[in-house]
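# Descriptive structure summary
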Amino acid sequence: MAKRERVCLRRFEAGEDSMEGKLFRYVNTDPNLIPREAVLRALKAFYLPWVLESQAGDSELQAIAKTSIQELQYRIFQIQQRFLPGEFVLTASTTPSSMKSTIISPNIQPKAEGTAFSMTLAEMRDEVDPEDLDQFLDDF
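Because the structure is predicted, anything quoted here is derived from the model rather than measured. (Residues numbered from 1 in each chain as written. Predicted model: local features only at pLDDT ≥ 70, side-chain atom pairs only at ≥ 80, totals over all residues. Heavy atoms only, no water.)

### Some remarks on the overall build of the chain
A tally of helices and strands in the chain yields five helices and zero strands. In the chain, the order of α-helices and β-strands from amino to carboxyl end is α-α-α-α-α. The buried share among the 140 residues of the chain stands at 19%. Restricting to contacts in the chain with at least 6 residues of sequence separation, those with at least 24 account for 33%. (Helix = DSSP H or I, 4+ residues; strand = E, 2+ residues; numbered from the N terminus. Buried < 20%, exposed > 50% of the residue type's maximum accessible area, 1.4 Å probe, protein only. Contact = heavy atoms within 4.5 Å.)

Okay, structure coming up:
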């Protein structure tokens, strides 16, 4: 049996009062998280499509990209619900340099001619079916 090689992400350390230190403490102590799984889930959602870009076929890469987008959209939705209720909406065309404030939805008409289809957070809540969150995310 051939010995399997392993890859390791170097051990991260941070000052106790730094943002990174607080983040590491949270991940390590939250009873709802398994630290290794939480870190891997975040890394996969954020980077996996690029990691596999030259190794996966088109259909596999598209499935991976879709899963990453759904994971990130769901986490964004959770952050909005908890920390920005009713204040912030997201756009599918949001980029770090152009933080627009609309959510793209096929079910909402444009606010004005030439503007994006948009949805407020309250409208988004009305559209969400807790029984079928995957379908809601697929609409984006």
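Having seen the structure, we can now continue with the description.
### Some details on the layout of surface pockets
Its boundaries defined by the atoms lining it, the largest pocket holds a volume of some 2000 Å³. Considering the residues around the largest pocket, the lining is formed by 38 residues, among which Pro35, Ala38, Val39, Leu40 and Ala42 are closest to the centre. Counting only elements with at least two residues in the lining of the largest pocket, the list comes to helix 1 (19–29), helix 2 (35–51) and helix 3 (58–83). Counting residues per element, the lining of the largest pocket draws most heavily on helix 2, at 12 residues. Residues that form the lining of the largest pocket fall into these classes: 23 nonpolar, three polar and 12 charged. (1 Å grid on protein atoms, 1.4 Å probe; cavity = no way out; pocket = protein on both sides within 12 Å on 5 of 7 lines; lining within 4 Å. Points joined across faces, edges and corners; volume = space filled by probe spheres on them. Nonpolar A, V, L, I, M, F, W, Y, C, P; charged D, E, K, R; others polar.)

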